Amino acid sequence: AAREERAGRAQQRRGCQQEEKREERGVEGGEEVEREMPAGGEAEEKKAQEAKEAKDELRVAVARIAHEEAKSAGVVLDTAVVKYIMAITEGYAQELCSDLEVFARHRTGAAATKLRVNSDDVKVCARRNPTVMKVLDNFLAARG
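Residues numbered from 1 in each chain as written. Predicted model: local features only at pLDDT ≥ 70, side-chain atom pairs only at ≥ 80, totals over all residues. Heavy atoms only, no water.

A. Up close: the overall build of the protein. Along the backbone of the protein there are five helices and two strands. In the protein, the order of α-helices and β-strands from amino to carboxyl end is α-β-β-α-α-α-α. The buried share among the 144 residues of the protein stands at 12%. Across the protein, contacts joining residues at least 24 apart in sequence account for 27% of those joining residues at least 6 apart. Entry remark: accessible area of the protein is about 12,000 Å², with carbon and sulfur atoms responsible for 53%. (Helix = DSSP H or I, 4+ residues; strand = E, 2+ residues; numbered from the N terminus. Buried < 20%, exposed > 50% of the residue type's maximum accessible area, 1.4 Å probe, protein only. Contact = heavy atoms within 4.5 Å. Areas by Shrake-Rupley, 256 points an atom, 1.4 Å probe, with all protein chains shown as cover.)

If you want it as structure tokens, here you go:
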């Protein structure tokens, strides 16, 4: 029964992945359709593609780390658990980026068009998590 359930979930994931690919290519009902490019055209498309690739790289890295950590602990992770970890990590990264933007904007002034995040901004974000602060302090100390 468990094997059949896993096979069913795998088939469902493949179906979802195929649907996502069709949506990305602009396929509806088995036929390709023209999609209007948003204002800015190629630049916005390139930016969206780069963001998608970065998210994909993050997901792959998180999955690899999760499996390596589980293996070293002698645990096998269910695929759903890995997906939850990926979602949590992606959400945390988005929240962190938003916070860093706010802190950098506050530090430099609201008029700044091109923000530069520095280590002080990261420290402000990490201040509520002693473990992260310790890792960050060690990293910054090693950099000199």
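B. Geometry of helix H2 (residues 42-73). The end-to-end C-alpha separation of H2 is 46 Å, in line with the 46 Å expected for 32 residues at 1.5 Å each. Taken together, the buried positions of H2 are Val62, Ala63, Ala66 and Ala70. One or two positions beyond H2, positive phi appears at Gly74, with a value near 75 degrees. (Expected span 1.5 Å × (residues − 1).)

C. Seen up close, the environment of Ala93. Residue placement: Ala93 occurs in helix H3 (residues 79-108). Here Ala93 falls in the partly exposed class, since its relative accessible area comes to 28%. Spatially, the C-alpha atom of Ala93 lies 9.7 Å from that of Leu58, the residues being 35 residues apart in sequence.

D. Molecular detail of the pattern of salt bridges. Per the stated rule, a full pass over the model turns up seven salt bridges. Taking the shortest distance from any N to any O, the salt bridge between Asp56 and Arg59 comes out at 3.0 Å. Highlighted residues: Asp56 and Arg59, both in helix H2, separated by three residues, approximately one helical turn. Classification of Asp56 as partly exposed rests on a relative accessible area of 28%. Where Arg64 meets Glu68, a salt bridge forms, and the shortest distance between an N and an O atom there is 3.4 Å. (Salt bridge = Lys/Arg side-chain N within 4 Å of Asp/Glu carboxyl O.)

E. Expanded view of the confidence of the model for the protein. In this model, the protein carries a mean pLDDT of 79, and residues with pLDDT of at least 70 account for 70%. Per-element averaging of pLDDT across the protein places strand E1 (residues 27-28) at the bottom with 42 and H2 at the top with 92. Below pLDDT 50 for its whole length, residues 25-37 participates in eleven contacts with residues either more than four positions away or in separate chains. (pLDDT = per-residue confidence, 0-100.)

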